[in-house]
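What follows is the residue order along each chain.
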Amino acid sequence: MLLFLVRRLILVIPVIFGLLLLTFIMIRVVPTDPAAALAGENASAEQIAAIRAQFGFDQPVIVQFWTYLGQVVRGDFGISLYSNRPIGADILLRLPATLELTFVALLVAAFGGIAVGTLAAVWHNSWFDHLIRIFTVAGLALASFWLAIMLQLLFSMELGWLPLRGRLPSGMAPPAYITGLYLVDSLLTLDFRAFTTALGHLLLPALTLAFGGLATVARFTRSSLLETLQNDFVTYERAVGFPNHRIVLPYALRNSLVSPLNQIGLLFGGFISGAVVVEAIFDWPGLGSYLVGAILTADYKAILAVTLVVGLIYALVNIAVDLLQGIVDPRVGGDL
């Protein structure tokens, strides 16, 4: 398993290089001039040319890419045209907010989807199973921006149960910085008021982000568990008198988790990209809202840096999921 881990980590390098190259080409193909965007609407042609020369935008594209790649290797992402601060500092400031939102949504989707899918398979063709099938189809069909607005209208503006936007109320100091994850930091510092407040602000964006993923995990869990329950070892256990819950929980469910775990790894990438829309709607100060600002100002270095960070996290999460599959299923673990 250690050799598998090293091999996968080495393979991450060409993947990240390809991701950077593809993103760079796509950004440069778009007919926008970052120098003109930076200079402003009233800038003269001379001012725009001066900015273009200052930031190297007048160099051939391949030279710009290799120059940028060299900076990235040295850990220098450059200065953001959007915030006029080092891009690395901006990412470190905003990354914890996106990670907190994404991981909470992933936990809701994973545990909720497995639980719902298991119950639907155990009560196959019951009213609960039919209800879950309708729910999962709706979860796959609904657009996240529409669901976010509906949840805001109901729980924030109509009922007043949950906050409308942000990570904390205006004027409230965040918990002492340890990880940047408010839920974790507030627990570590025993600041339970900050924990409940941060959790309240997190619920609506996390549920919005998790809804489609929960439906996907539930469908895969249900179909995989139904297939496992048809196997001979389940028939044998039923014949010798094992109760149904003893068959499902320790044995059948464990053999059915490989397919849902694959989906959970893929969902992480979908949640990161979906967080762009959710963060914009809920005014969540994470990488998604930062990326929107960078795109609007043609800040290609910030776009590339965010893409690089997200791609790297996505690759690491998928490696972790592969290792988890090996732990859950010894047949997969033997091939690692």
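It should be emphasised that the depicted structure is a prediction, and the values quoted were computed from it without experimental measurement.

1. Quick word on the UniProt feature "transmembrane region" (unreviewed entry) in the protein
Thinking step 1. UniProt feature "transmembrane region" (unreviewed entry): in the numbering of this structure it lies at residues 9–30, 101–122, 134–155, 198–218, 264–282 and 302–321.
Thinking step 2. Along residues 198–218 the backbone is 100% helical and 0% strand, and the end-to-end C-alpha distance reaches 28 Å.
Thinking step 3. The span residues 302–321 shows a helical share of 100% and a strand share of 0%, and its end C-alpha atoms are spaced 28 Å apart.

2. Description of the pattern of salt bridges
Thinking step 1. If you walk through the whole model with that rule in mind, you get four salt bridges.
Thinking step 2. Asp90 is the salt-bridge partner of Arg85, the closest N and O atoms lying 2.9 Å from each other.
Thinking step 3. For Arg222, the salt bridge goes to Asp129, with nearest N and O atoms at 2.7 Å. Remark: Asp129 occurs in helix α6 (residues 127–141) and Arg222 occurs in helix α9 (residues 192–228); sequence separation between them is 93 residues. Note on accessibility: Arg222 and Asp129 belong to one class, buried.

3. Details of the packing of helix α10 (residues 232–239) against helix α11 (residues 244–255)
Thinking step 1. One can describe the packing of α10 onto α11 by two numbers: an axis separation of 11 Å at closest approach and a directional angle of 165 degrees. Of the possible angle classes, the one that applies to α10 and α11 is roughly antiparallel. Note on packing geometry: the crossing formed by α10 with α11 is right-handed. Residues Phe233, Val234, Glu237 and Arg238 of α10 lie in contact with α11, whose contacting residues are Asn244, Ile247, Tyr251, Ala252 and Asn255.
Thinking step 2. Each residue belonging to the contact of α10 with α11 can be placed in one class, and the counts come to five nonpolar, two polar and two charged.

4. Re helix α13 (residues 287–296)
Thinking step 1. By the burial criterion, the buried members of α13 are Leu287, Gly288, Tyr290, Leu291, Gly293 and Ala294.
Thinking step 2. Ala298 lies just past α13 and shows a positive phi near 55 degrees.

5. A few points about a nonpolar patch on the surface
Thinking step 1. A surface patch of nonpolar side chains, amounting to about 800 Å² of accessible area, comprises Leu142, Phe145, Trp146, Ile149, Met150, Leu153, Met157, Leu164 and Val277.
Thinking step 2. If one sorts the elements of the nonpolar patch by residue count, helix α7 (residues 144–158) sits on top with six residues.
Thinking step 3. You can see Leu142 is positioned in the loop between α6 and α7.

6. Some points on the UniProt feature "domain: ABC transmembrane type-1" (unreviewed entry) in the protein
Thinking step 1. Feature annotation in UniProt assigns "domain: ABC transmembrane type-1" (unreviewed entry) to the following positions: residues 95–325.
Thinking step 2. Secondary structure content for residues 95–325 is 79% helix and 0% strand, and the end C-alpha separation is 27 Å.

7. Quick word on the confidence of the model for the protein
Thinking step 1. Mean pLDDT over the protein works out to 84, with 96% of the residues at or above the 70 mark.
Thinking step 2. Confidence, read as mean pLDDT per element, is least for helix α15 (residues 330–333) in the protein (63) and greatest for helix α8 (residues 182–188) (92).

8. Some remarks on the packing of aromatic side chains
Thinking step 1. Evaluation of the coordinates by the stated rule reveals eight aromatic pairs.
Thinking step 2. Measuring from ring centre to ring centre gives 6.1 Å for Trp127 and Phe128, while their planes differ by 85 degrees; the resulting arrangement is edge-to-face.
Thinking step 3. Here the aromatic rings of Phe135 and Phe211 are separated by 5.1 Å at their centres, their planes lie at 85 degrees, and the arrangement is edge-to-face. One end of the pair, Phe135, is in helix α6; the other, Phe211, is in helix α9, and 76 residues separate them in sequence.
Thinking step 4. Residue class for Phe135 comes out partly exposed when judged on its relative accessible area of 27%.

Reading the values: rules and limits
Residues numbered from 1 in each chain as written. Predicted model: local features only at pLDDT ≥ 70, side-chain atom pairs only at ≥ 80, totals over all residues. Heavy atoms only, no water. UniProt positions renumbered as here; feature names shortened; annotations may be inferred. Helix = DSSP H or I, 4+ residues; strand = E, 2+ residues; numbered from the N terminus. Salt bridge = Lys/Arg side-chain N within 4 Å of Asp/Glu carboxyl O. Buried < 20%, exposed > 50% of the residue type's maximum accessible area, 1.4 Å probe, protein only. Axes fitted to C-alpha atoms, helices over the stretch in contact; angles between N-to-C directions. Parallel < 35°, antiparallel > 145°, perpendicular 65-115°, else oblique. Left-handed = near helix turned anticlockwise from the far one by under 90°. Contact = heavy atoms within 4.5 Å. Nonpolar A, V, L, I, M, F, W, Y, C, P; charged D, E, K, R; others polar. Patch = residues over 30% accessible without salt bridge, like charges linked within 9 Å, V, L, I, M, F, W, Y side chains within 5 Å. Areas by Shrake-Rupley, 256 points an atom, 1.4 Å probe, with all protein chains shown as cover. pLDDT = per-residue confidence, 0-100. Phe/Tyr/Trp six-rings, centres within 6.5 Å; stacked < 30°, edge-to-face > 60°.

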